[in-house]
Amino acid sequence: MESHEKVVEVLGGSRDLDHGQIEMQNTRVNGSRPSKPQLKDLDDLFPYIGEFGWYQRILFLLMIPYSFFFAFVYFSQIFMTIVPEEHWCFVPELANLTVEERRYLSIPMKDDSKYEKCHVYDVDWSKVLDTGVLTPDSNWPVKKCEQQWEYNYTDVPYETIASQLDWVCDRDNYAATAQSVFFCGSIIGGLIFGWVADKFGRVPAILGTNMAGFLAGVGTAFANSFWSFCLCRFLVGLAYDNCFMVMYIVVVEYVGPKWRTFVANMSIAVYFTFAACLLPWIALAVADWKMYTLITSVPLVLAIFTPCVVPESARWLISQGRIDEALKILKKFERINKKKIPDEIFKEFKDTATKIAKAEEEIRNYSFLDLFKTPRLRRHSLLLLVIWMSIAMVFDGHVRNVGSLGLDIFLTFTVATATEFPADVLLTLTLDIVGRRWLAFGSMLLSGIFSFLATTVPHGVPSATLAIIGRFAVNISFNIGMQYAAELLPTVVRAQGLALIHITGYVATILVPYIVYLATISPIIPLLILGTIGIFGGCLCLCLPESLGKDMPQTLQDGENYGKEQKFWDFPCFKRKNQVPVENRY
């Protein structure tokens, strides 16, 4: 999806775009009088319209509903398809007995003194009842369950579609398959709404993706079979990511460079995290999977008001040559922020916007295939593809593996999801000090190590604690990956390259539900796989150049030469200590 990837382009672009400030610094160093900064793009206009004025603050608050939509689309399926830990075959002939009597008589015991979930004694129950026998004979023949199951709703105190349709035993992979179908929908949605965002604008894309999620989400509540459920989840998958990320991009574009890291990370840390933490408690409160589905789907209809409250992307309008419309929006910022753009500045920016529109025409002559034509750029591009696939798989794997940690899934999901907040805060404070390369490596490595450690301690609180720390670490990696890739790819192919990287992440996550499903064999298998992928992906990060403090590459040749002067053991934080701060040079 092109829109999601431009987030990173916006986040990383401040160093690359603030040419006016650079020129002013150069004139001061040379001892001459600073000249008026040139307006080379939209970023240079923020000192005149406000970097984080009242209008930007309003837009920041308007991200709240879209953050909720994103969390609901992404995580809600978990609580529609969970199955109670205890379930066993239902024998209709024994319906007049109590639940305990029925289970004791008809269900064989396993070696660990627990009842079988998928087998039942194969006897003539009418004759057994006629003889008055209420004690099973271990010599009775056994067969697989063929009809329906009973459930102990203690750990999951409501009926889900999985328990309603008996997705257990030979069908216990149905929930994983439905989740994979959801991610297949996300691939198609990324392509469709990425095209809509480029062709018709960001606001139509926001409206379209959320309406798809609304309609398909409501349809999910009326699904009565595995295939109807899969169809609805595929259509909901069209909205995944796009329902928030396009809005995320629009807001970040309208915030000054100094505020972008704050807005980008805190919108996820606060809004998204809070919405995700609410989900298990909504499910418990309504105790009905259909009502829960409606509650988490109907709010998406509020997106119909998007054109009324969200401005179109000025950058997109300029790229389409619709400069007057972009300037009209900027005038609104000027008015609400109580700022004044001098007439000569406004005229100069209009000329600059015309040049930008022409440059955009030239960029369209390139494609993502150009990333693979030269050796260094090809290597960096392939590394970014594999690293993002690793990050996406580990992140989503930890999200979905909470049900296999041996604790209450509702509480565990809440605690694990809440780690997003401290992870984003830590990232905001350290990313521009430690740098992308070593922080990405370190966080992925820690995620892998703690995933491994979780398999060496007793199942339950000890293993869950270590797994949650692994989740905390990969949260950091996930947000670094969004920014790191955009800072390494050349401008002329950045949007297409990031779209390719992001879609490969979608493809990789199709496998994740099946990795988590392996917990039915042993709960340590998913953690071992996630730990291996995490350490592998983290080590690959060290093969990339550092981008902190570097101008983003513009041309393909810039991308090919990027980082040639760097050494493997370069640490940005150590190098910065030996440099004189810019403000002390004058």
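Residues numbered from 1 in each chain as written. Predicted model: local features only at pLDDT ≥ 70, side-chain atom pairs only at ≥ 80, totals over all residues. Heavy atoms only, no water.

Colleague: Sorry if this is basic, but what is going on with the overall build of the protein chain here?
Modeller: Across its full length, the protein chain holds 29 helices and four strands. For 586 residues, the compact-globule estimate of 2.2 N^0.38 gives 25 Å, and the C-alpha radius of gyration of the protein chain, at 27 Å, lies within 12% of that figure. With respect to the three principal axes, the spread of C-alpha positions in the protein chain is 105 × 50 × 40 Å. Residue burial in the protein chain is summarised as follows: out of 586 residues, 54% are buried. Here the protein chain has roughly 25000 Å² of accessible surface; of this, 63% comes from carbon and sulfur atoms. Across the protein chain, the 52 positively charged side chains and the 58 negatively charged ones have centroids separated by 11 Å. (Helix = DSSP H or I, 4+ residues; strand = E, 2+ residues; numbered from the N terminus. Rg over C-alpha atoms; globule rule 2.2 N^0.38 Å. Buried < 20%, exposed > 50% of the residue type's maximum accessible area, 1.4 Å probe, protein only. Areas by Shrake-Rupley, 256 points an atom, 1.4 Å probe, with all protein chains shown as cover. Lys, Arg positive; Asp, Glu negative; His and termini not counted. Charge placed at Lys NZ, Arg CZ, Asp CG, Glu CD.)

Colleague: Quick question: what am I supposed to make of the pattern of salt bridges here?
Modeller: When charged atoms on two side chains of opposite charge get close, those side chains can pair. Summed over all chains, the structure comprises 19 salt bridges. The closest approach of N and O atoms between Arg260 and Asp43, which form a salt bridge, is 2.4 Å. Here Arg260, found in helix 14 (residues 257-286), pairs with Asp43, found in the loop between helix 3 (19-29) and helix 4 (46-49); they are 217 residues apart in sequence, far enough to count as distant. Accessibility assignment for this pair places Arg260 and Asp43 in one class, buried. Notably, a salt bridge pairs Lys144 with Asp170, separated by 3.7 Å at the nearest N-O pair. Taken together, the residues span a long stretch of sequence, with Lys144 in strand 3 (residues 142-144) and Asp170 in the loop between helix 9 (161-164) and helix 10 (174-199) at a distance of 26 residues. Via salt bridges that share partners, Asp43, Arg260 and Arg315 belong to a single interconnected network. (Salt bridge = Lys/Arg side-chain N within 4 Å of Asp/Glu carboxyl O.)

Colleague: Looking at this model, I keep getting lost on the state of the cysteines. Mind explaining?
Modeller: Under the defined criterion, the tally for this structure stands at two disulfides. Disulfide pairing places Cys89 opposite Cys145 at an S-S distance of 1.2 Å. Note that Cys89 is positioned in strand 1 (residues 87-90) and Cys145 in the loop between strand 3 and strand 4 (148-151), a separation of 56 residues in sequence. Residue classification places Cys89 among the buried positions, given a relative accessible area of 3%. Each sulfur in the disulfide pair Cys118 and Cys169 lies 2.0 Å from the other. Residues Cys118 and Cys169 are joined by a disulfide whose S-S torsion is about -95°; by sign, that bridge is left-handed. (Disulfide = S-S within 2.5 Å.)

Colleague: When you look at the domain arrangement of the protein chain in this model, what are you seeing that I'm missing?
Modeller: Size of an interface: often given as the accessible area lost when the parts come together. The domain boundaries assigned to the protein chain delineate domain 1 (38-62 + 165-365), domain 2 (87-151) and domain 3 (366-568). Every contact between the two is made by five residues of domain 1 and, on the other side, eight residues of domain 2. With both sides pooled, the region where domain 1 packs onto domain 2 buries about 500 Å², and carbon together with sulfur makes up 59% of that total. Sorting the residues of domain 1 by area buried against domain 2 places Asp166, Val168 and Cys169 first, and these three jointly supply 81% of that buried surface. One can count one salt bridge joining domain 1 with domain 2. Taken together, domain 1 and domain 2 are joined by one residue pair in polar contact (both at pLDDT 80 or more). Across the side of domain 1 that touches domain 2, the residue classes break down as two nonpolar, no polar and three charged. (Domains from an automatic or database assignment. Contact = heavy atoms within 4.5 Å. Buried area = accessible area lost by both parts, 1.4 Å probe. Polar contact = N/O pair within 3.5 Å; in protein donor to acceptor, adjacent residues only side chain to side chain. Nonpolar A, V, L, I, M, F, W, Y, C, P; charged D, E, K, R; others polar.)

Colleague: Can you help me understand the nonpolar core in this one?
Modeller: The nonpolar side chains of a soluble globular protein tend to be buried, and buried together. Ranked by size, the top nonpolar core spans 145 residues in total, and within it Leu45, Phe75, Phe79 and Phe349 carry the most contacts. If you tally residues by element for this core, the top one is helix 5 (residues 54-75), at 13 residues. Each of domain 1 (38-62 + 165-365) and domain 3 (366-568) accounts for three or more of the residues forming this core. Excluding residues within four positions of it along the chain, Phe79 makes contact with Tyr158, Thr160, Leu279, Pro280, Ala283, Tyr292, Phe410 and Phe413. Ranked by size, the runner-up nonpolar core spans 17 residues in total, among them Leu97, Leu105, Ile107 and Val128. (Core = buried A, V, L, I, M, F, W, Y, C linked by side-chain atoms within 4.5 Å.)

Colleague: Is there a simple way to explain the packing of aromatic side chains in this structure?
Modeller: Given two aromatic rings, their pairing is described by the distance between the two centres and the angle made by the two planes. If you walk through the whole model with that rule in mind, you get 43 aromatic pairs. Taken together, a centroid distance of 6.0 Å and an interplanar angle of 40° make the contact between Tyr151 and Tyr153 tilted. Taking relative accessible area as the criterion, Tyr153 reaches 30% and is therefore assigned partly exposed. Seen from the ring of Trp88, Arg103 lies directly overhead, with NZ or CZ sitting 4.4 Å from the centre. Cation over ring: Arg437 sits above Phe568, and NZ or CZ is 4.9 Å from the ring centre. (Phe/Tyr/Trp six-rings, centres within 6.5 Å; stacked < 30°, edge-to-face > 60°. Lys NZ or Arg CZ within 6 Å of the ring centre and 35° of its normal.)

Colleague: Just checking my understanding: could you explain the confidence of the model for the protein chain for this structure?
Modeller: Any segment with low pLDDT has predicted coordinates that should not be analysed in fine detail. Here the protein chain averages 86 in pLDDT, while 91% of its residues score no lower than 70. Taken together, the stretch residues 1-35 has pLDDT below 50 and engages in 88 contacts with residues farther than four places along the chain or on a different chain. (pLDDT = per-residue confidence, 0-100.)

Colleague: Honestly, helix 25 (residues 494-509) in this entry has me stumped. Any pointers?
Modeller: For an α-helix the count is 3.6 residues per turn, leaving residues at separations of three or four pointing the same way. Here helix 25 contains 16 residues, and its C-alpha end-to-end distance of 23 Å stays within 8% of the 22 Å for a straight helix at 1.5 Å per residue. By the criterion of burial, helix 25 is predominantly enclosed, with 13 of the 16 residues buried. (Expected span 1.5 Å × (residues − 1).)

Colleague: I tried to follow the side chain of Ser67 on my own but got confused; where do I start?
Modeller: Mapped onto the fold, Ser67 is located in helix 5. Residue classification places Ser67 among the buried positions, given a relative accessible area of 0%. Look past the residues within four positions of Ser67 in its chain and what remains in contact with it is Phe244, Ser267, Tyr271, Phe272 and Ala275.

Colleague: I keep staring at unusual backbone geometry and nothing clicks. Help me out?
Modeller: Backbone geometry follows two general trends: most residues other than glycine have a negative phi, and most peptide bonds adopt the trans configuration. Its identity as a non-glycine residue notwithstanding, Asp241 has a phi of 80°, on the positive side. Mapped onto the elements, Asp241 comes out in the loop between helix 12 (226-237) and helix 13 (242-253). The backbone of Ala287 sits at a positive phi, close to 50°, despite the residue not being glycine. Among the secondary structure elements, Ala287 is positioned in the loop between helix 14 and helix 15 (289-297).

Colleague: Where do I start with a nonpolar patch on the surface in this structure?
Modeller: A cluster of nonpolar side chains, namely Ile188, Leu191 and Ile192, defines an oily patch on the protein surface of about 240 Å² accessible area. Mapped onto the elements, Ile192 comes out in helix 10. A residue is classified by how much of its surface remains accessible, and Ile192, at 38% relative accessible area, is partly exposed. (Patch = residues over 30% accessible without salt bridge, like charges linked within 9 Å, V, L, I, M, F, W, Y side chains within 5 Å.)

Colleague: Where do I start with the environment of Gln179 in this structure?
Modeller: Mapped onto the fold, Gln179 is located in helix 10. In this structure, the C-alpha to C-alpha distance between Gln179 and Lys258, residues 79 residues apart in sequence, is 39 Å. Discounting residues that sit within four places of it in the chain, Gln179 has contacts with Gln77, Arg400 and Pro513.

Colleague: Is there a simple way to think about the side chain of Asp370 in this case?
Modeller: Take Asp370: it is sitting in the loop between helix 19 (343-363) and helix 20 (375-400). At a separation of 2.9 Å, a polar atom in the side chain of Asp370 contacts the side chain of Lys373. The contact partners of Asp370, leaving out residues within four places of it in the chain, are Leu377, Val493 and Leu556.

Colleague: Help me out: how do you make sense of helix 15 in this one?
Modeller: When helix 15 is considered as a whole, its buried residues turn out to be Trp289, Tyr292, Thr293, Thr296 and Ser297. Down the axis of helix 15, the buried side of the element spans an arc of 125°, and every buried residue falls inside it. Where the residues of helix 15 are buried, they touch helix 5, helix 6 (78-81), helix 9, helix 11 (202-220) and helix 14. (Arc of directions from axis to C-beta.)

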